[in-house]
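# Structural overview
The residues making up each chain are set out below.
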Amino acid sequence: MDRFDATILSVLAEDGRISITDLAKRIGLSKSPTQARLKRLEEAGVILGYRALLDPVRLGLDHVAFVEVRLSDTRESALMAFNAAVIEVPEIEQAHMIAGNFDYLLKVRTRDMEAYRKFLGETITALPFVSNTSTYVVMEAVKEIMLADIT
């Protein structure tokens, strides 16, 4: 990956709907080499896809909680079952396996505390092998960005 590829990624991270013509102008190449580079980055899996960024607050989903999850079993089959179940739950925005005093850290988004409380009791605790949880409610998001500039 060279500086042109890095610039392509930076521009696309800011504006995924930019035209090839405008992208080529921004990176200083003609249209054909820009298209070829873009295709190569997509085929290599560097660019995973394109999507609209939605404002969760305007969608009424402004309650964010981070949930520590401890499992009763951490054998590979239990981890795989937990992972598969978490992937299917839309309220869980992120799920990370953690090396530490607990097994997973989940980022959960709901409309309010009442909805979160119900979600915790009915969904999170029903996930495979969950033995206990600890919740940390977000008061304010100080920094929340996607990878946008790798140059």
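Above this text sits the structure in question.
Attention here is on the structure that accompanies the text. Worth saying up front: this structure is predicted, and the values here are computed from it rather than measured.

Parameters at a glance
- Residues numbered from 1 in each chain as written.
- Predicted model: local features only at pLDDT ≥ 70, side-chain atom pairs only at ≥ 80, totals over all residues.
- Heavy atoms only, no water.
- Helix = DSSP H or I, 4+ residues; strand = E, 2+ residues; numbered from the N terminus.
- Buried < 20%, exposed > 50% of the residue type's maximum accessible area, 1.4 Å probe, protein only.
- Polar contact = N/O pair within 3.5 Å; in protein donor to acceptor, adjacent residues only side chain to side chain.
- Contact = heavy atoms within 4.5 Å.
- Axes fitted to C-alpha atoms, helices over the stretch in contact; angles between N-to-C directions.
- Parallel < 35°, antiparallel > 145°, perpendicular 65-115°, else oblique.
- Nonpolar A, V, L, I, M, F, W, Y, C, P; charged D, E, K, R; others polar.
- Pairing = 2+ DSSP bridges.

Okay, the side chain of D73 next. By the secondary structure assignment, D73 is in the loop between β1 (63-71) and α4 (76-87). Residue class for D73 comes out buried when judged on its relative accessible area of 14%. A polar contact is formed between the side chain of D73 and the side chain of R75, at a distance of 2.7 Å. Those residues within four positions of D73 in sequence are excluded, and the remaining contacts are A78 and F129.

On to the packing of helix α1 (residues 3-14) against helix α3 (residues 31-43). A pair of packed helices can be characterised by two numbers: the angle between their axes and the separation between those axes. It is at 10 Å that the axes of α1 and α3 come closest, and there the two elements cross at 80 degrees. In this view, α1 runs roughly perpendicular relative to α3, as classed from their interaxial angle. Along its contact with α1, which presents F4, D5, I8, L9 and L12, the element α3 presents T34, R37, L38, R40 and L41. For the contact of α1 with α3, the per-class residue count stands at six nonpolar, one polar and three charged.

What follows deals with the sheet that holds strand β4 (residues 130-137). Two strands in a sheet stick together by hydrogen bonds in their backbones, pointing the same way (parallel) or opposite ways (antiparallel). Reading across the sheet, the four strands line up as β2-β3-β1-β4 and stay open at both edges, with antiparallel pairing between neighbours. For this open sheet the edge positions go to β2 (92-97) and β4, each flanked by a neighbour on one side alone. Pairwise comparison of adjacent strand axes, ignoring direction, gives a mean angle of 20 degrees for this sheet. Judged from the seven bridges that link them, β1 and strand β3 (residues 104-110) form a sheet pairing that is antiparallel. Residue pairing in the sheet places V64 in a bridge with R109 of β3. Contacts from helix α5 (residues 113-122) reach β1, β2, β3 and β4, with the element oriented near 135 degrees to β3.

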